[in-house]
Each structure stands twice: as C-alpha cells, then as structure tokens.
Amino acid sequence: MLIKRREFLQLTSLASASFMVPKFLKAMNLPGAMEMKGKVLVILQLSGGNDGLNTIIPTRNDIYFRERQTIAVNNALPLNDDAGINPALRFFKQLYDNGEMAVLNNVGYPRPDKSHFRSMDIWQSASKSNEFLETGWIGRYLDEACYNCGHPTQALEINDMLSLALKGEHNKAFAFKDPAKMYRTSQETYFKSLYDHHDHHDETVAYLYQTLGSTIGNAGYIFEKSKAKKTDTIYPNSALGKDFKTIASLIKSDINTSVYYVEIGSFDTHVNQKQRQENLFKTMNKAVEAFVTDLKQNGLFKDVMIMTFSEFGRRVAQNASGGTDHGTANQMFFISGGLKKTGILNALPDLQKLDQGDLIFIEDFRKVYATVLKNWLKADATKVLGWKNGMYDFI
Amino acid sequence: MASEFTKNKHLVSRAGFGMSLTQIKVCEMQNHTDIWKGYVKKRAFKPIRFDSPAINFDYGRISKLNAEQKKQVQRRNRQQNIELNLNFLHEMVHSEDQLREKMAFFWHGHFATRVANPKLSQQLLNVIRENALGNFKDLLFAVSKAPAMLSFLNNQQNRKGHPNENFAREVMELFTMGRGHYTETDIREAARAYTGWSYDRNGTFIKRDKFHDNGSKTFLGKTGNFDGNDVLNIILEQKATARFITAKLYRFFVNEQIDEQVVATLSRQFYDAGYDIPRLLEGIFMSSWFYDKQNIGTKIKSPIELMAGIMRMLPMKMNDPENLIVYQRLLGQMLLYPPNVSGWPSGNAWIDSSTLLLRMQIPQIWSGLRPLDLSPGSDDDIDMGLKRQKSLARNFKNPHMSIFWPQVEAAFSGRDAAGILLLNDGSINRNLIKKYADGDFSRRIIDIMSTPEYQLC
C-alpha cells in the first residue's frame, strides 16, 4: 500500500498549516512554540541487524548453545536466573542492576522483511510491511507537535545525512555531525547574502530559500547552544562517544530539542560475528557510560531516555562462517532514571517455537513508538502513527 | 509568452538532462519544435554494461561457499552494480539520445528494483532503456518477465498452493492502475495466475508448469484459466492504467501539481493510441500549456538531474568516477539502489537542510574550492562494493576532477550566464553574483550554480 505523505496526514490528523504562518512569526531565533520542559528521547540505531540472542543471552537454554556451537556467549554477565548480557556491555549490566534499564524482548512486526534497507525503512517510517510511507515517525511527530515552531530544532540527528525517520511532511529535522562544522558551512557569506537579498514570489523558490534561511539560523542557534554548556565528563574518542558528547552539551543548554537520533554500525555479522559484535558493544558501552554519568552529574537522568533498536535480529542457528544471517524479532533497550518499570519486561525468545528458523515477533514496535510518543514526549500517538492497539506501561 | 530561448531551455531540462555546453548555440538559433524533432530522431540502441568481465556464477551455489568466497562474490556484485550505475550516469551526461535516457531514468524509478546480482540489474536496465520510447504494453510485459523484478518481488516463491502475492500487488499498485482500482481478492487471484513465473540459472525467464495453478480465476470481473499474460492484458484494458501512468509522467515532466483536465485528455489519447509512449510525450512537449509560466523552472531537480546537469554544462575529466557514488548517497538518490519498490519520492522531499547546503556547495567542491567534509553513513546493502571509507575520505580533500574552464569561457563569451544556467532567472540578484565573482569567470559560473534557483528545472 503506497500512501503519500499528504494523504497520510489527512488520514491521521489535520494537515499542518505551517506555510500559512506569517513570516514575522518565523523570524530567526524565536523560541520554539512547543513546551520544552518535558522529556528528552535519544534514539540509538544499531544499523545492520544486531544479533539480539548474543546481546541478551538465554544462559540456561540448551537450544541456544546447541545451535551456536562456536559463537554462543559463555561468559555472559548474569541478569537473572535465565538471562545474561554480553560481557562487552558491562555498564548496561550496571544500569540493569540499578533499576535504570528495561529490556523488551521479541519486538518486531508482522510479515518481516529481511532486507536491511526495507526493514530499516519500515522501522523508520513506522509503516506496515506492505506499505510505503515517505515520512518518518519522528518527522510526523515534528509535523504534529511543532506545526508553528519558529525553530524546528525539536529533533536533531547527529549524522551527515538526515534519516527517513526524521523527515516529516512540513518539518524536517536537522542533521549534522559537528555543530561547529555545520555552522561554518552555513555562515559562508555568499549563501548568507543570497538569503539576505532574496526576493521572489514563486512557491518552490520560496521553499528553497525558506530552507536555506532556517538552515543558516538554526545552524547558528545549535552552534551557540552546543558551546554554552561544556561538559567536564570525559567521553571516549570514538565517533559514537563524540556524538553523545554533542548530545549532552545540547541537553544541558536550554535548546528546545526533545529528540536526538544517533547511529552505530555495522552489525551485519554474517562472518566472524563474535569479535565484531563485541567491538561495537565496547564502543557503545563506553559512550553510553560517559553519557549517563554526565547526565547523572547534572541531575538530568530522570528526564532523558535512551532507546535502542535495530532493523532486525538474526537467525537462531549460526552459519558456517562463524556468523549469523538476517532474522526477525529482536529486543529493545530503554535506559533512564525515569522509567516506571525496569528489568526484563517480558519472556525471553521461545527457541522451541520458530518460524523457519527465525524468532516469532510478539511485541509490535509501533506499540513501543506509541508509548514513547504519548507517555514520554506527550504527543498524540494516534495522529502520528495511526496506532490504536494499546500502550505499554513501563514508560 | 516565454521567449523561444526560454522554451528551449525548458524543453532540454525536462525532456533531457539540461543544456550542454555545445547546445547553448543550438538553443539560441533553433526553435523548440526543431529541438523536439532532434530528440525523437531514431538512433541505434546501445546497451549499457558493467566494465569488469562477467563471471558465470550459479547463484544457487552461493550457500555452499565459504565465508571468504561469499565475501568475494558480494564484493564483485557491488562493484559491477556500481559500474552499471556510473555507465548509466555517463549516458545521461553524454548521450545524444537524451529523451531515451530521461525516459529510462523515469522508468528506472517507476519499476524500482534493487538486486545484488549485476547481471540481472544490467538486463533489466537495458530492457527499460530499450523500451523506454516504445510501447508501454511491451515495456510492462518485458519488465514483468525480467528476472531482476521476479527476484526482487519474490515471484520465485510464488507457487501453486503457496502463493506469494508481492509481485501481483505491486504490479497493480505501483506499476499500472494504482490503489483503489482493484480488491484484495483481485490481488490473490492475480498471484495465482503468476504462479510458476520464474527464471533459470542463466537469467532467462521460464514458466515452471508444475508450479502453475491451472484452476479458474476471477480477476477484475473476468473469469478464466488465466496466466500471467492474461492478467497483464486485463490490466492494460483498464483505463485506470493509462490514467495512472499519464499522471505520473505529468508529475515527472510538467508539474508536481496535476492539472486534472489535461491529464484526463492525455490519458484518453494514450489509451486510444494503444499505449504508444512517444505519442504521449509529443502530446506533452508540443503542447502550448507545457510552456506556461507555472511549468517553467518550478520543479526541484532530483540529485541525479542536478549532477548530470552540472556535468553537461561543465566538461570535466574525472579521475575517480566512483566518488560520484558518494554524492548520490549523500543527496539521497543512488542509481540501482532505490529506497524501496515505490521508487524515489520527488519534489520538496529532496530538500532538507543538509542536502540543500551540499547541493549549493557541489559546484565549489567539484572545482576544488572547498573540500567535501561529509561522508554517508553505513549502508549494509551497499558498502561492500565501495572502497574503504578511509581512502574515500582522503580523496575528498581533492575532488579528482578537472573542469576545462577555457572551453566553458569560450562558450559563454558575450552571453548572460545567469540567463543560460537558470530556468527561472527573474529573482536572481545579478549584482550580488557580480560582486562575489569579482571579475573571475569560473567563479561567476560556480556562484550561479550555487544558488537555490539552480536547484530548479
């Protein structure tokens, strides 16, 4: 089913009227219209299909060890009687023990698609698997919650390219790897002069100049905010460590951002999985540890939640190359000092009941999104997602 | 009324990939009817191929390979798909057969597939290019039987008793009628008709009779022992098919906003002419409304159109063509890698803060005035065929391109550069460009190409 963004918005909400807002209201440096005293969501995308079974390990399950002769994790850090966590995620175990982490198992969607790009498309757009949306779930959240924001910096992606997840019909988030670099580019005098001197009436040209103007304005705004509150915490020198450092400095400033989007990869471990996955986990572990420490020192951990996801999990049985092939359902992590319930929220995957060697999904990721939107971001989840099948109670 | 030169600029930017340096003079002298005649002139068809030698590899054996062999196969596949990508882009820039390549580009987004096997990509790409200016009926049949499409939409798994409806659904929803003109039952029945449509190890279409469902089917009100051909014929009998294709072409060639009356007339003619593509195109490009002000310079170039357009105007030597893949990825349109079966979105969807700034910087980067300091994130379906990220990053300090500025200067001599480069030059501030270029010719061209107005076609 192909639904154009326009039709989707008409179906799910009143179409936004941002383009009708008079220009003076869109002047630069106007604070966002959205109430930003709320919570912050940090989405960590594990690109490439992370193997969930070697992340949260079913330590007492014979099938697991039988199917994974060489790649099973034997030295998992115990979480409870049945489950352990990959030893490279040492800090995650600590979060778990402190009651600051929740794990939801068996998350997926009906009729799973095993191609990276399509499955990621589905997760980012929050579409059904036979439906193609041109907007992402955070982008539609922006359309909904930020229809007349002067500064559409409510969602930021720490990346050189903007993901589908953050593209809405009327609002698109900002993507940048380094606030200073984006600022330098946007401040090029020629581009600024073009914007300052522009005069036109054509709708498409207007859209381009409006985007240019908001890029220049917001790049400056983000740069100033990121400089405002330097962090004392030492972050690891990895790309992800730098990304989390940028996020922390922005959260500590009074920027109006409520969603940050960041990525680590690639978890596409068809070959020699154990070492590759553990290296990525080590990077992730250190970056999250620095970030959480920083938040705690500043009394912000109650108001910030990290949520992880991957486009799919991997098959139960290992392949002949010491790796795993594309699978289906997977777990998601939620990390915050403000969760209502923590620990392992539901049953571990049932390895006896598989669908052609793959885990069967039980929890729909759109229900997770709906819960996050409603309970954490205080947004109208029905309008953004069209989801009507209930919410979880752990957030 | 638009001047003849403006009409010509408009025509070459929509029916082709924009004016080339050598076309400036032609567009000044000829009228738009002559230019159109040049576009529809019959030319010999030249297939596009990947450059490295094909290896006859049995994909059925891939599961039996060891990890290192598998990796090698994947790496070679990606490399050859990239060669196809760059060769296709090369044709868009250099081919005289501009209308064919532009239509091929349209059909490439319409019949969007993304397959690992470069032999199958190559075959489908050429099926599309060969039929791009033929009859839509032939094109639809050829694409539906192309192994790349059958593989991408899982028709290999569509067997009697175990139907896979993916192919049947997308054929109707995305390739022919569009939603609202068929039911879920029609999809199920069509899927039964396509059972057994498959291809062999050599990439040749075959009907596997033992997997075909020979029972009676009822499809769009007709009942019979239909096979896939019958279903396609019934789909082509539907006026909705002509309407859907015409409307999509109108959005691609004329305006994102549909003029219902015009599209109704065009689609009736398209249907009555038995889906003759060139006649439909002539109905568009030779009409007077095509040259109305609201249709000129009001579409946002797709990334491929932007890149091909710059390359047509600025002759250049490319030492490392593979770097072009990185721009395709950063701007959001990599040939042979559409985001999904519904193809690339268009219009405002191309523009966000990062893509707009990059678009405006590309002429500067390609001229060596500034480095590219962005890199596309990981894409697990693509990365293996690219050079290692590190070596690419090194390349980006230097674009590895040299533009032949003296040629450009000669062609522009005595002419209004903004008037040539922009479709919609009314709002551009010529004084500003003059001030920033400070008398430097190449700088002036680069600055005009770095404007929001240059993003339009």
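Residues numbered from 1 in each chain as written. Chains lettered and ligands numbered in written order. Predicted model: local features only at pLDDT ≥ 70, side-chain atom pairs only at ≥ 80, totals over all residues. Heavy atoms only, no water.

**Digging into the overall build of chain B**
Heads up, the rule is: Each helix is a run of DSSP H or I of at least 4 residues and each strand a run of E of at least 2, with the numbering of both proceeding from the N terminus. Radius of gyration: over C-alpha atoms. The globule rule applied is 2.2 Å multiplied by the number of residues raised to the 0.38 power. The classification of residues rests on relative accessible area computed with a 1.4 Å probe and restricted to protein chains. Under 20% of the type maximum is buried, over 50% is exposed, and intermediate values are partly exposed.
Each helix and strand counted, chain B has 22 helices and 6 strands in total. The C-alpha radius of gyration computed for chain B amounts to 23 Å, which stays within 12% of the reference 23 Å derived for 457 residues, consistent with globular compactness. With the principal axes as the frame, chain B shows a C-alpha extent of 75 × 60 × 40 Å. Counting only residues that meet the buried cut, chain B has 59% of its 457 residues in that class.

**Notes on the overall build of chain A**
Which entries qualify depends on this criterion: Whether two residues are in contact is decided by their heavy atoms: any pair within 4.5 Å suffices. Accessible surface area values rest on a Shrake-Rupley calculation with a 1.4 Å probe, where residue burial reflects the displayed protein chains alone.
If you tally the helices and strands in chain A, you get 12 helices and 14 strands. In terms of overall dimensions, chain A is globule-like: its C-alpha atoms have a radius of gyration of 21 Å, near the 21 Å expected for 395 residues. Expressed along its principal axes, the backbone C-alpha trace of chain A runs to roughly 70 × 50 × 40 Å. Out of the 395 residues in chain A, the part that is buried amounts to 63%. For chain A, contacts bridging at least 24 residues in sequence account for 73% of all contacts bridging at least 6. Approximately 15500 Å² of chain A is accessible, and the part contributed by carbon and sulfur atoms is 49%.

**Some remarks on unusual backbone geometry**
Residues and elements named next belong to chain A. Looking along the chain, the bond that leaves G265 and enters S266 is cis, with omega of 5 degrees. Inspection of the secondary structure assignment puts S266 in the loop between β10 (259-264) and α10 (273-297). The phi dihedral of N106 falls on the positive side, at around 60 degrees, and the residue is not glycine. Of the residues examined, N106 reaches a relative accessible area of 5% and is grouped as buried. Positive phi is not limited to glycine here, since R111 has a value of about 50 degrees. You can see R111 is positioned in the loop between β6 (101-108) and α4 (116-125).

**Re the environment of A:E311**
Residues and elements named next belong to chain A. Here E311 shows up in the loop between β11 (304-310) and β12 (330-335). With relative accessibility at 2%, the residue E311 sits in the buried group. Each C-alpha atom of the pair E311 and P112 lies 9.9 Å from the other, and the pair is 199 residues apart in sequence.

**A short note on the pairing of β10(A)**
Residue and element names in this part refer to chain A. The following threshold applies: Should DSSP find at least two bridges between two strands, the strands are taken to pair.
Across the 6 residues of β10, 5 count as buried, placing the element largely inside the fold. Pairing of strand β2 (residues 40-46) with β10, which is carried by 6 bridges, proceeds in the parallel orientation. Looking at the pairing, L44 lines up with V262 of β10. Taken together, the 3 bridges between strand β8 (residues 155-158) and β10 define a ladder with parallel strand orientation. Considered in β10, the bridge of E157 is made with Y261.

**As for the packing of aromatic side chains**
Heads up, the condition is: Any pair of Phe, Tyr and Trp rings, taking the six-membered ring for Trp, is counted once the centres come within 6.5 Å. Such a pair is stacked with planes under 30 degrees apart, edge-to-face with planes over 60 apart, and tilted for the rest. We call a charge positioned above a ring when the Lys NZ or Arg CZ atom is no farther than 6 Å from the ring centre and deviates by at most 35 degrees from the ring normal.
Applying the stated criterion to the full structure yields 38 aromatic pairs over all chains. Positioned over the ring face of A:Y392 is A:K367, at 4.5 Å from the centre of the ring.

**Some remarks on the nonpolar core**
Taken as a class, soluble globular proteins show a tendency for nonpolar side chains to be buried jointly. Cut-off, in case you're wondering: In this description, a nonpolar core means a group of buried Ala, Val, Leu, Ile, Met, Phe, Trp, Tyr and Cys residues linked to one another through side-chain atoms lying within 4.5 Å.
Judged by nonpolar contacts, the single largest core of 156 residues is most densely connected at B:W107, B:F111, B:F136, B:Y194, B:F285, B:W366 and B:F412. Top element by residues in this core is helix α12 (residues 239-253) of chain B. It accounts for 8 residues. A:L46, A:L95, A:M284 and A:V304 belong to the second-largest nonpolar core, a separate cluster that totals 51 residues.

**A look at the side chain of B:R370**
Applied cut-off: Any N or O atom pair separated by 3.5 Å or less is treated as a polar contact, with the protein-specific requirement of one donor-capable and one acceptor-capable atom, and with residues adjacent in sequence counted only for side-chain atom pairs.
Here B:R370 is to be found in the loop between α17 (353-366) and α18 (389-395). Here the side chain of B:R370 touches B:Q361 through a polar contact of 3.0 Å, side chain to side chain. In contact with B:R370, other than residues within four places in its own chain, are A:T185, A:E188, B:Q361, B:Q364 and B:I365.

**As for the interface of chain A and chain B**
Put simply, the rule is: Take the accessible area each of two parts loses on contact, using a 1.4 Å probe, and add the two losses: that sum is the buried area. Here, a salt bridge means any Lys or Arg side-chain nitrogen found within 4 Å of an Asp or Glu carboxyl oxygen.
The partner chain B presents 54 residues to the 49 residues of chain A that form the contact. Both sides of the chain A and chain B interface together cover about 4500 Å² of buried area, and 59% of this is carbon and sulfur. In terms of surface lost to chain B, no three residues of chain A exceed A:F117, A:Y190 and A:L208, which account for 16% of the buried area on that side. Across the contact surface, chain A and chain B share 1 salt bridge. Linking chain A with chain B are 14 residue pairs in polar contact (both at pLDDT 80 or more), by the criterion used here.

**Description of the packing of helix α9 (residues 239-252) of chain A against α10(A)**
Residues and elements named next belong to chain A. Applicable threshold: A fitted line through C-alpha atoms serves as each axis, taken over the contacting stretch for helices, and the angle formed by two N-to-C directions is quoted from 0 to 180°. Geometric relationships in this document are graded by angle, where less than 35 degrees denotes roughly parallel, more than 145 denotes roughly antiparallel, 65 to 115 denotes roughly perpendicular, and other angles denote oblique. Take the far helix as your reference; a near helix turned counterclockwise from it by less than a right angle gives a left-handed crossing, and one turned clockwise gives a right-handed crossing. In this count, Pro and Cys sit with the nonpolar residues alongside Ala, Val, Leu, Ile, Met, Phe, Trp and Tyr, while Asp, Glu, Lys and Arg are called charged and the others, Gly among them, polar.
Following both chains from N to C, one finds α9 and α10 inclined at 15 degrees, their axes separated by 9 Å at the closest point. Relative to α10, the element α9 is oriented roughly parallel. α10 is crossed by α9, and the crossing has right-handed handedness. Taking contact as the criterion, the partners of L240, G241, F244, I247, A248, I251 and K252 in α9 are, on α10, T283, M284, A287, V288, F291, D294 and L295. Taken together, the residues of the contact of α9 with α10 sort by class into 10 nonpolar, 2 polar and 2 charged.

**Looking at the sheet that holds strand β5 (residues 83-85) of chain A**
By definition, the strands of a sheet pair up through backbone hydrogen bonds, in either a parallel or an antiparallel sense. All names here are of chain A. Pairing within the open sheet is antiparallel, and its 3 strands lie in the order β3-β5-β4. At either end of the open sheet lies a strand with only one pairing partner, and these are β3 (56-58) and β4 (77-78). Pairing geometry for β3 and β5, over 3 bridges, is antiparallel. Across the sheet, the residue bridging to P58 is A83, located in β5.

**Observations concerning helix α7 (residues 136-144) of chain B**
Taken together, the buried positions of α7(B) are occupied by B:F136, B:L139, B:L140, B:F141, B:V143 and B:S144. The N-terminus of α7(B) is capped by B:N135, whose side-chain oxygen sits 2.7 Å from the backbone nitrogen of B:K137.

**What about the confidence of the model for chain A?**
The test is simple: Here pLDDT means the predictor's own confidence in every residue, given as a number from 0 to 100.
When pLDDT is averaged across chain A, the result is 89; 90% of the residues are at 70 or more. Contacts of residues 8-36 of chain A to residues separated by more than four positions or lying in other chains number 51 contacts, the stretch itself having pLDDT below 50.

**Focus: the environment of B:Y327**
Residues and elements named next belong to chain B. Its place among the elements puts Y327 in helix α16 (residues 323-331). A relative accessible area of 1% places Y327 in the buried class. Linking Y327 and K207, residues 120 residues apart in sequence, is a C-alpha distance of 41 Å. Excluding anything up to four places from it in sequence, Y327 contacts M307, I362, I365, W366 and L372.

**Observations regarding the pattern of salt bridges**
Within this structure, the stated rule accounts for 36 salt bridges over all chains. Residue A:R68 is joined to A:D51 by a salt bridge in which the shortest nitrogen-to-oxygen separation is 2.6 Å. Taken together, the residues A:R68 in the loop between α2 (62-67) and β4 and A:D51 in the loop between β2 and β3 connect sequence positions 17 residues apart. Neither residue differs from the other here; A:R68 and A:D51 are each classed as buried. The residue B:R100 makes a salt bridge to B:D97 at a minimum N-O spacing of 3.1 Å.

**Details of the state of the cysteines**
All names here are of chain B. To keep things clear, this is the line we draw: Note on disulfides: each one is a pair of cysteine sulfur atoms within 2.5 Å.
Counted by the stated rule, this structure contains 0 disulfides over all chains. Lacking any disulfide linkage, C27 is separated from the closest cysteine sulfur, that of C457, by 15 Å. Judged by its relative accessible area of 3%, C457 falls in the buried class.

**What to know about the side chain of A:D268**
Within the secondary structure layout, A:D268 lies in the loop between β10 and α10. For A:D268, a relative accessible area of 14% gives the class buried.

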